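# Breakdown of the fold
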Protein chains: 2
Amino acid sequence: MTNPNPSPAPTLRDVAEAAGVHTATASRALNPNTRRQISAETARRVMRAAQALGYQPNSVARSLKTSRTGTVGLVIPDLTNPLFPPIVRGVESVLESGGYHVWIVNTDNDAERERAKIESLRSRQVEGLIVATARLEHPLLRQLHEQGVRMVLINRQVEHLGLPAVTGDDATGVAAAVRHLAALGPTGIAYLSGPLSTSTGRVRARAFRHAVRDLGLSDELVVECARWSESDGAAALRALLDRGARFTAVVAGNDLIALGCYDVFAERGLSCPGDVSVIGFNDMPFLDKLRPPLTTVAVPHHELGAEAARMLLDCIDDPGRPARTLLLPVSLVVRGSTAPPGAG
Amino acid sequence: MTNPNPSPAPTLRDVAEAAGVHTATASRALNPNTRRQISAETARRVMRAAQALGYQPNSVARSLKTSRTGTVGLVIPDLTNPLFPPIVRGVESVLESGGYHVWIVNTDNDAERERAKIESLRSRQVEGLIVATARLEHPLLRQLHEQGVRMVLINRQVEHLGLPAVTGDDATGVAAAVRHLAALGPTGIAYLSGPLSTSTGRVRARAFRHAVRDLGLSDELVVECARWSESDGAAALRALLDRGARFTAVVAGNDLIALGCYDVFAERGLSCPGDVSVIGFNDMPFLDKLRPPLTTVAVPHHELGAEAARMLLDCIDDPGRPARTLLLPVSLVVRGSTAPPGAG
DNA sequence: TTGTATGCGTTATCAT
DNA sequence: ATGATAACGCATACAA
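Keep in mind that this is a model prediction, so the values were computed, not measured. (Residues numbered from 1 in each chain as written. Chains lettered and ligands numbered in written order. Predicted model: local features only at pLDDT ≥ 70, side-chain atom pairs only at ≥ 80, totals over all residues. Heavy atoms only, no water.)

## Re the UniProt feature "domain: HTH lacI-type" (unreviewed entry) in chain A
Per the UniProt entry, the sites bearing "domain: HTH lacI-type" (unreviewed entry) are residues 10-66 of chain A in this numbering. With 67% helix and 0% strand, residues 10-66 of chain A has end C-alpha atoms that lie 21 Å from one another. (UniProt positions renumbered as here; feature names shortened; annotations may be inferred. Helix = DSSP H or I, 4+ residues; strand = E, 2+ residues; numbered from the N terminus.)

The structure is reproduced here in structure tokens:
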């Protein structure tokens, strides 16, 4: 049953010999596009031989010959962040129907690892890249762009680079969050920002300042988190509390940062939403089952991935086409973590 | 800035010409293993030329020549299940330090998609497979095994196939869960099983029956879920309640099924753990923030992935080595979803 | 319709 | 130490 020493995989040559034709003929018979050049009879013979031998074309050889691999790379900062798997699925759903295969790599938010992984993707001749790790300053992406690498950014952008990108409408989402909190009653609103080295962090933070100022509120209560993580969110909120800031509502840069607030509430004996309301960003799975259920801004992650994939296919088909930025609509999802101050 | 028509990537030949040597010499100079055959002087010249041209070796061509791709495939049923990303990370961490790259594919729990993806991986000449989609009856995996494909199963096994596998110690975990519930007081315990077409489903269900029988309790309260999902878990619990079953505790086949129970509790006005205790399996992220925090059995997913990767490396190094099954220890994590009947 | 010949970019086996 | 040559498996321009 076990077969430690399998016979080598059959090649096109084996098929051709079995069918009594030349490899060129076999190649044409096996390829749907060229099959019509071949008599139906020989085509059948070849295909039968291939079937019998269990022939599977060697994509490596084919790619070398055609200089087309039919693969694109997808660069993700952290697959364990629930935000990204739906993006992956969206990307795959479109690219697969376009005949492409997706090579997912994880960078762990590490620039050196990112460099190595992208280098590996390129050496494997991917035909394009979908990148979710962009920072505002990103020499590597800049360089790739200058080298003519087909590339679409997702969720985040690079400054002054004119790269095609698909993101959620962060500014509108943050504004909606702030308005929702303000409508609950007079209040001070704090903002726990994601890293300002990313466009997402920067855009949301700026939108927060604008939104609170428009309402005549203070825009001073802002703390930056070093990473988009629970622990950094917790640290930021602790810092805010420790400096004696007065507020009854928190907007978090994303859901993970909001979850960090939950930890601090427990530590400090604060009730949410009674003492402090919190609002997240992304609407990652299972937020409705938290204590309390987290109010958040829903971003259509699957669609984000799908649209980015479509854009990449367009880039590959027509390299000269101008770069577009697509902003997908977001929506406020009100749950139990926001309420009028002093209520519940 | 934009470069729609980039110059073609430099090849080894370009480097050789620039350095004034033959391609063979350039190849040897650039490869750390063969560099010592070359004079230090020419090696330097070649490497400098490569640097200057921005040369990157073409892995496709190299793979064709060496018949080694340095890649392995990782077959995942559903990346959006929070259980799998940590496994992916574990696999990657080991394989990368072994010089391999991981190609992740998502099957969406669909057999046809699985077949297509694995075929694609094979045509791309992956050197081995780590498979997390196994069913007890799995003709495709059986066939691959007979063809001598190097393969390690993770989390689930195939019946009667003697494939190397790494899983959590499900039976011990379920037994611990049942004992925990029994210790809380006299009670009827129900079991919401995962699909019995998977080894994980089968092993856990059997362990449940044994555990309750050992305690002199009924083993009749078992319902099978068609999939490992929240909605199927909810449906199973509804079915149990609708047939008037009497129980004060539920063991769920995994955490998602347990989350489905939360939905039904809300629908039917049941309090957890007051009316019914629930216990999950896996300890996926964020369970501690649920209402109530979910008691569960923690499985070391990262380690699962890492060990499977080590096993695969062993299989590749020594194809003749006998298949081993590795059972990693699990641990009960008691949180708020379990309590003595009628309490809190 | 089919066969012949060539080359994709690289490495390995010969020579020298 | 380096160069010449061939070959990996396949697809295609060209010839027949």
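## With respect to the protein's contact with DNA strand C
Taken together, 23 residues lie near DNA strand C, and A:Thr25, A:Lys65, B:Leu12, B:Tyr55 and B:Lys65 sit nearest. Within 4 Å of the protein, the contacting atoms of DNA strand C are 64% sugar and phosphate, with bases supplying the remainder. Backbone polar atom of A:His22 to a phosphate oxygen of DNA strand C: 3.2 Å apart, as the coordinates give it. Measuring from a phosphate oxygen of DNA strand C, one finds a side-chain N or O atom of B:Arg62 at 2.7 Å. Those elements that provide at least two residues to the surface near DNA strand C are helix H2 (23-30) and helix H4 (59-66) of chain A together with helix H2 (23-30) and helix H4 (59-66) of chain B. Counting residues per element, the surface near DNA strand C draws most heavily on H4(B), which supplies four residues. Its residues assigned to classes, the surface near DNA strand C comprises nine nonpolar, nine polar and five charged. (Near = heavy atom within 4 Å. Polar contact = N/O pair within 3.5 Å; in protein donor to acceptor, adjacent residues only side chain to side chain. Nonpolar A, V, L, I, M, F, W, Y, C, P; charged D, E, K, R; others polar.)

## Quick word on the sheet that holds strand E3 (residues 129-131) of chain A
Residues and elements named next belong to chain A. Strand order in the open sheet made by the six strands is E2-E1-E3-E4-E5-E11, with parallel pairing throughout. Of all strands in the sheet, those bounded by a partner on one side alone are strand E2 (101-106) and strand E11 (325-328). Here the average twist between neighbouring strands, direction ignored, is 20°. Across six bridges, the pairing between strand E1 (residues 71-76) and E2 is parallel. Within E2, the residue paired with Leu74 across the bridge is Ile104. The strands that helix H7 (residues 139-146) touches are E3 and strand E4 (151-154); relative to E4, the one it contacts most, it runs at about 150°. (Pairing = 2+ DSSP bridges. Axes fitted to C-alpha atoms, helices over the stretch in contact; angles between N-to-C directions. Contact = heavy atoms within 4.5 Å.)

## Some words on the side chain of A:His301
All names here are of chain A. Following the sequence through the fold, His301 ends up in helix H12 (residues 301-317). You can call His301 buried: its relative accessible area is 7%. When sequence neighbours within four positions are dropped, the list of residues in contact with His301 reads Leu83, Pro86, Ile87 and Asn282. (Buried < 20%, exposed > 50% of the residue type's maximum accessible area, 1.4 Å probe, protein only.)

## Brief notes about the protein's contact with DNA strand D
The environment of DNA strand D is formed by 23 residues, the closest being A:Leu12, A:Tyr55, A:Arg62, B:Thr25 and B:Arg28. B:Arg28 is positioned with one of its side-chain polar atoms (N or O) 2.7 Å from a base nitrogen of DNA strand D. Within the contact set of DNA strand D, a phosphate oxygen lies 2.7 Å away from a side-chain nitrogen or oxygen of B:Thr42. Of all the secondary-structure elements, those providing two or more residues to the surface near DNA strand D are H2 and H4 of chain A together with H2 and H4 of chain B. Among the elements that line the surface near DNA strand D, the one with the most residues is H4(A), at four residues. Classifying every residue of the surface near DNA strand D gives nine nonpolar, nine polar and five charged.

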